[in-house]
Amino acid sequence: MNNISVIGSGTMGNGIAHVFAQHGYQVALIDISEEALKKALATISKNLDRQVAKEKITEADKTATLANITTFTEVAQGVKYADLVIEAATENFEIKKQIFQTMDAHSPAKAILATNTSSISITKIAAETKRPAQVIGMHFMNPVPVMKLVEVIRGYATSDETTQAVMEASAKLQKSPVEVNDYPGFVANRILMPMINEAIYTLFEGVAGVEEIDTVMKLGMAHPMGPLQLADFIGLDVCLSIMKVLHEGFGNPKYAPCPLLVNMVTAGYKGVKTGEGFYHYTPGSKDLVVSGMFK
């Protein structure tokens, strides 16, 4: 496995491209927007600079990593020689369905088709292709260059060979792959998102304020980041999408998204990406300031 194609150059996509390129793979980074691809390469370069500054890699390593990445605006061209294609687009089934149909039509017959989805059924995605045995979930954690976990999710038809190949590829990235089965939210988000949702309910019901809730979880449970700050970091729209997948997938009211979360996303308050969520974010500032609506 030498040629990797990554579809989607956003936060997750550029992180995935970064780690594969850094470990010597030839990476095709694909996005419909040329501007998005330029931004992705700038982000990768900046993150490599951080690694150089920390003496984790050399300038020569940085140059080699960037040289391993080629950008494309057409999926058909970008997946032409792929051994492994990883979709890292928006957490929306209809979008992923279209991408996987295109991936399936234009990738080599031997290629493995993976998705970085954090909650959507691998089995459902695989059913949109003619190679379900070669479809798998490869859920990286954010930020990809730093976080060690890769949740490897087997769909109903995923073969042992496909699973083994992806487990080995993940290990070559110096990640820790963990194999899990295909149920809503898998393991990471089935546990994490209800906790975040409960923290939002705790705020919604007036039990405590934003800082108080996050402080309890940081100091009492040794979490590096409180659940409300983490929700902002993930994106409140992403949190809502995952809660909806859990709610619909299990049909259990305990997974119903908090009305406050629904209202915030509807109003456009999505966390760090929009500058406002449970906290207010000022570009260039690392100060954590509670959003005015919760003071």
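Residues numbered from 1 in each chain as written. Predicted model: local features only at pLDDT ≥ 70, side-chain atom pairs only at ≥ 80, totals over all residues. Heavy atoms only, no water.

## Focus: the pattern of salt bridges
Item 1. Throughout the structure, instances matching the rule amount to 8 salt bridges.
Item 2. Here lysine 62 makes a salt bridge to aspartate 49, at a shortest N to O gap of 2.7 Å. Placement of lysine 62 in helix H3 (residues 59-67) and of aspartate 49 in helix H2 (residues 34-53) is noted, with a sequence separation of 13 residues between them.
Item 3. Here lysine 62 falls in the buried class, since its relative accessible area comes to 13%.
Item 4. Judged by relative accessible area, aspartate 49 falls into the partly exposed class, the value being 33%.
Item 5. Of the charged contacts in the structure, one is a salt bridge between lysine 273 and aspartate 237, with a shortest N-O distance of 2.9 Å. With a gap of 36 residues between them, lysine 273 in the loop between helix H12 (259-266) and strand E9 (279-280) and aspartate 237 in helix H11 (residues 236-250) connect regions that are remote in the sequence.
Item 6. Beyond isolated ion pairs, a larger network of salt bridges with shared partners links Glu87, Glu91 and Lys96. (Salt bridge = Lys/Arg side-chain N within 4 Å of Asp/Glu carboxyl O. Helix = DSSP H or I, 4+ residues; strand = E, 2+ residues; numbered from the N terminus. Buried < 20%, exposed > 50% of the residue type's maximum accessible area, 1.4 Å probe, protein only.)

## Thoughts on the sheet that holds strand E1 (residues 3-7)
Item 1. Across the sheet, which stays open at both edges, the 8 strands sit in the order E3-E2-E1-E4-E5-E6-E7-E8 with mixed pairing between neighbours. In this open sheet, the two edge strands, each paired with only one partner strand, are strand E3 (69-72) and strand E8 (176-181). In this sheet, neighbouring strand axes are inclined to one another by 25° on average, regardless of whether the strands run parallel or antiparallel.
Item 2. Across 5 bridges, E1 lies against strand E2 (residues 26-30) in parallel orientation. When the sheet's bridge partners are listed, isoleucine 7 is paired in E2 with isoleucine 30.
Item 3. Where helix H1 (residues 11-22) meets the sheet, it contacts E1, E2, E3, strand E4 (84-87) and strand E6 (135-140), and its direction lies at approximately 170° from that of E2.
Item 4. The strands touched by H2 are E2 and E3; relative to E3, the strand with the most contacts, the crossing angle is about 160°. (Pairing = 2+ DSSP bridges. Axes fitted to C-alpha atoms, helices over the stretch in contact; angles between N-to-C directions. Contact = heavy atoms within 4.5 Å.)

## Observations regarding helix H7 (residues 160-172)
Note on helix geometry: an α-helix contains 3.6 residues per turn, so any two residues three or four positions apart are oriented the same way.
Item 1. Between its first and last C-alpha atoms H7 spans 18 Å; for 13 residues at 1.5 Å apiece the expected length is 18 Å, and the two agree.
Item 2. Packing partners of the buried residues in H7 comprise strand E5 (112-115), E6, strand E7 (149-154) and E8. (Expected span 1.5 Å × (residues − 1).)

## A look at H2
Item 1. Relative to the 28 Å expected for 20 residues at 1.5 Å per residue, H2 spans 29 Å between its end C-alpha atoms, a close match to the ideal helical length.
Item 2. Turning to H2, the residues buried within the fold contact H1, E2, H3 and E3.
Item 3. Two or three places before glutamate 35, at the opening of H2, serine 33 has a side-chain oxygen 3.3 Å from that residue's backbone nitrogen.
Item 4. Where H2 terminates, the next one or two residues include glutamate 55, which has phi positive at roughly 60°. (Polar contact = N/O pair within 3.5 Å; in protein donor to acceptor, adjacent residues only side chain to side chain.)

## Quick word on the packing of H2 against H3
Item 1. At a closest axis distance of 9 Å, the pairing of H2 and H3 adopts a crossing angle of 160°. By the angle class used here, H2 and H3 are roughly antiparallel. Seen from above, H2 lies across H3 with right-handed handedness. Counting all contacts with H2, which are made through Leu41, Ile44, Ser45, Leu48, Asp49 and Val52, the residues of H3 involved are Glu59, Lys62, Thr65 and Leu66.
Item 2. For the contact of H2 with H3, the per-class residue count stands at 5 nonpolar, 2 polar and 3 charged. (Parallel < 35°, antiparallel > 145°, perpendicular 65-115°, else oblique. Left-handed = near helix turned anticlockwise from the far one by under 90°. Nonpolar A, V, L, I, M, F, W, Y, C, P; charged D, E, K, R; others polar.)

## Thoughts on the nonpolar core
Item 1. One finds Phe20, Val27, Ile86, Met138 and Phe140 to be the most contacted residues of the largest nonpolar core, which totals 33 residues.
Item 2. The element contributing the most residues to this core is H1, with 6 residues.
Item 3. Not counting residues within four places of it along the chain, the set of residues in contact with valine 27 comprises Ile4, Val6, Ala17, Phe20, Ala21, Asn68, Ile69 and Thr70.
Item 4. Counting 26 residues, the second largest nonpolar core, distinct from the first, contains Ile196, Val210, Leu236 and Met264. (Core = buried A, V, L, I, M, F, W, Y, C linked by side-chain atoms within 4.5 Å.)

## Details of the side chain of threonine 163
Item 1. Along the chain, threonine 163 turns up in helix H7.
Item 2. A relative accessible area of 3% places threonine 163 in the buried class.
Item 3. Reaching out from threonine 163, the side chain makes a polar contact with the backbone oxygen of serine 159 at a distance of 3.0 Å.
Item 4. Those residues in contact with threonine 163, other than ones at most four positions away along the chain, are Ile136, Arg154, Thr158 and Glu179.

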